[in-house]
Amino acid sequence: MHMDLTQAVPHQPPPDGPASPFWLAAREERLTLPRCTDCGAMRWYLFPNCLACGSDSPEIWVGLSGEATLFTWTRVARPFVPAPGPFHVGLLECVGAKGARLVAPLVGEQSPRIGARMQVEFVHLETHSIPVFRQERSNS
Amino acid sequence: MTTMPTVAIVGVGTTDYLREQSAALSFLAARAVQAALADAGLHADDVDGLVTEGAVMPKYLPEDLLAAACGIRPRFSAQWMVGAAGTVGAPRLAQLAIAAGDASVVVVVQALGGSGSHHDPYSYHAEDPIKATYEMPMGWYGQASYFASMAMRYGHEYGLHPEALAHVSIQSRHHASLTPGAQRPETLDLDGYLASRMISEPLRAPDCALISEGATAYVITSAERARDLRQPLVTVAGVGIERTPANQTTWFTQREDHLTTGAAGSGAQAFAAAGLTPADVDLIELYDCFSITPLLQLEDLGFAGRGEAVERTAAGQFSLTGELPMNTHGGLLAYGFCLGIGHVTEAVRQLRGHRGAAQVQDAEVALVGGLGVPHHATLILTGGG
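Here the structure is a predicted model, which is why all the values come from computation and not from measurement.

1. A closer look at the overall build of chain A
Then, in step 1: In terms of regular secondary structure, chain A is built from one helix and seven strands.
Then, in step 2: For chain A, the sequential pattern of α-helices and β-strands runs α-β-β-β-β-β-β-β.
Then, in step 3: For 140 residues, the compact-globule formula gives about 14 Å, and the C-alpha radius of gyration of chain A, at 15 Å, lands near that figure.
Then, in step 4: The principal-axis extent of the C-alpha atoms belonging to chain A is close to 50 × 35 × 25 Å.
Then, in step 5: The buried share of chain A, reckoned over its 140 residues, is 49%.
Then, in step 6: Nonlocal contacts in chain A, meaning residues at least 24 apart in sequence, comprise 56% of its contacts between residues at least 6 apart.
Then, in step 7: When the accessible surface of chain A is totalled, it reaches about 6,700 Å², and 51% of it is carbon and sulfur.

Here is the structure:
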């Protein structure tokens, strides 16, 4: 039996709706993060200039495979954003995005394990879609 | 090079700390400043310098209103660094101003409103557009989750059993029970801790700072002038300030190592300036927004080896009767939340010998650690001058 994943994620839309390429891509089940076109460093988080080289050239949003390593996590028992109930959230180091950590909800039956290989999937809410990460079966 | 004058903290003052107060922040700050000046035997007319913390204060209590409410006209005035680093590191800025002749009596003040009548404790982070766009929709919101994730990482590296953090909170609540004016003076035992509400795993309610409204102030002048004032002399022996390579938006997620703070660098600087070592310290007051926070600083400062702070705390080594008492007023977990300034004033009271039931015997050297983002400040104070 599959859990309804909409119950495992917070329900707080991004403030600018779909304005960010990140959230637009998530709607299409794609994971993307910005990279500096001049020095190649990930621009995460995205400031007006690249924090690595100072470039103000427009960033390029690169598509990622969605494979990631879990750096750390917590189970939010008392959410401070609208949510159907407690949820897990983690810091993820995505393959192809060295130096950037993404925050995202974690789903799955197992308790999250730091260092585990994770894979993205997407949960679609009415207002927006959220990338979430599940531990890969191969190393469970 | 200018010869630095020795400076001293000559007055401390505080309002009550309550979950919610009807008074405006400016009024709370003014009461704390009046109390600190009275404690020193000085008057508002004597004040020509003002240092406040540089992020929360400008946002919620502008300097011009603060000075007007306090009835002071400081020609030297500065807002310095973010969070606890600001008021823990402030004695260094006061010393520079006094050395340069720009001020002779400097007031340091922090006021904070943490609940409904002012602003909620999380809103500061919600106002960051990057956090609002990329973190809040993911559920990564609220300081408890930021620090819970550090604790999880700590557990991954060194191990962290379910009762591991309890002793920090239990000890702080005990110390608060011996402190007049503490917001949470009821003691806590292990059963009570384990029955308490989980907030963000592994942090339970007692692992989290109180939500408070109140203000605290202290007064600095030259040690020379301090000798003519009314309180036992407490001198500033050394201050260290370290900057970590991150900003307020990136610090909680992107910094490479989540188990160190700037305390290693600021501590080494402060010890060098004071000509002292960790072995000389009689008591420590470390920023404790969550139970994990002082543990990380204990290791950074060299009071515990890596991964050892938890077990040493559980063994009681940092309790009031232990070898190195920590957060002797209960800190942010049990006394009240006002960033780092309450840790400074508690150290001063200890070194004066004014702490009654919570007095550390023969206290001569105190160390205060103020975690901010991205700065960390360490302040070493000595008494018995």
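More follows now that the structure is in view.
2. Quick look at helix α8 (residues 166-177) of chain B
Residue and element names in this part refer to chain B.
Then, in step 1: Taking 1.5 Å per residue, 12 residues should reach 16 Å; α8 reaches 17 Å between its end C-alpha atoms and fits that length.
Then, in step 2: Burial runs high along α8: nine of the 12 residues are buried.
Then, in step 3: Among the residues of α8, A166, V168, S169, I170, Q171, S172, R173, H175 and A176 are the ones counted as buried.

3. Concerning unusual backbone geometry
The phi angle of most residues is negative, glycine excepted, and most peptide bonds adopt the trans form.
Then, in step 1: The omega torsion of the bond from W44 of chain A to Y45 of chain A falls at 10 degrees, within 30 degrees of zero and hence cis.
Then, in step 2: Cis geometry is adopted by the peptide bond preceding P374 of chain B, which originates at V373 of chain B and carries an omega value of 5 degrees.
Then, in step 3: For P374 of chain B, the position within the fold is in the loop between β10 (365-371) and β11 (375-382).
Then, in step 4: Despite not being glycine, D362 of chain B shows a phi value in the positive range, around 55 degrees.
Then, in step 5: Within the fold, D362 of chain B resides in the loop between α16 (341-352) and β10.
Then, in step 6: A relative accessible area of 68% places D362 of chain B in the exposed class.

4. A few points about the interface of chain A and chain B
How big an interface is tends to be reported as the loss of accessible area on association of its parts.
Then, in step 1: Tallying the contact residues gives 36 residues for chain A and 33 residues for chain B.
Then, in step 2: Interface area for chain A against chain B, summed over the two sides, is near 3,100 Å², with a carbon-plus-sulfur share of 65%.
Then, in step 3: Those elements giving two or more residues to the side of chain A that touches chain B turn out to be α1 (21-27), β3 (67-76), β4 (87-94), β5 (101-107) and β7 (129-135) of chain A.
Then, in step 4: The element contributing the most residues to the side of chain A that touches chain B is β3 of chain A, with six residues.
Then, in step 5: Of the residues belonging to the side of chain A that touches chain B, the class tally is 28 nonpolar, five polar and three charged.

5. Comments concerning the pairing of β11 of chain B
Remark: a regular strand shows side chains that alternate across the two faces of the sheet.
Residues and elements named next belong to chain B.
Then, in step 1: Here β11 lies mainly inside the structure; eight of its eight residues are buried.
Then, in step 2: Burial along β11 is two-sided: the face carrying H375, A377, L379 and L381 and the face carrying H376, T378, I380 and T382 are both buried.
Then, in step 3: Inspection of the sheet shows strand β8 (residues 235-243) paired to β11 by eight bridges, in the antiparallel sense. Residue E242 lies in a different strand from β11, and its bridge partner there is H376.
Then, in step 4: Examined bridge by bridge, β10 and β11 share seven bridges and lie antiparallel to one another. Note that in β11 the partner of G370 across the bridge is A377.

6. As for the environment of Q171 of chain B
All names here are of chain B.
Then, in step 1: Within the secondary structure layout, Q171 lies in helix α8.
Then, in step 2: Residues Q171 and A334 lie 163 residues apart in sequence; the distance between their C-alpha atoms is 9.5 Å.
Then, in step 3: Filtering out sequence-adjacent residues up to four positions away, Q171 remains in contact with T313, F318, S319 and M326.

Reading the values: the criteria
- Residues numbered from 1 in each chain as written.
- Chains lettered and ligands numbered in written order.
- Predicted model: local features only at pLDDT ≥ 70, side-chain atom pairs only at ≥ 80, totals over all residues.
- Heavy atoms only, no water.
- Helix = DSSP H or I, 4+ residues; strand = E, 2+ residues; numbered from the N terminus.
- Rg over C-alpha atoms; globule rule 2.2 N^0.38 Å.
- Buried < 20%, exposed > 50% of the residue type's maximum accessible area, 1.4 Å probe, protein only.
- Contact = heavy atoms within 4.5 Å.
- Areas by Shrake-Rupley, 256 points an atom, 1.4 Å probe, with all protein chains shown as cover.
- Expected span 1.5 Å × (residues − 1).
- Buried area = accessible area lost by both parts, 1.4 Å probe.
- Nonpolar A, V, L, I, M, F, W, Y, C, P; charged D, E, K, R; others polar.
- Pairing = 2+ DSSP bridges.

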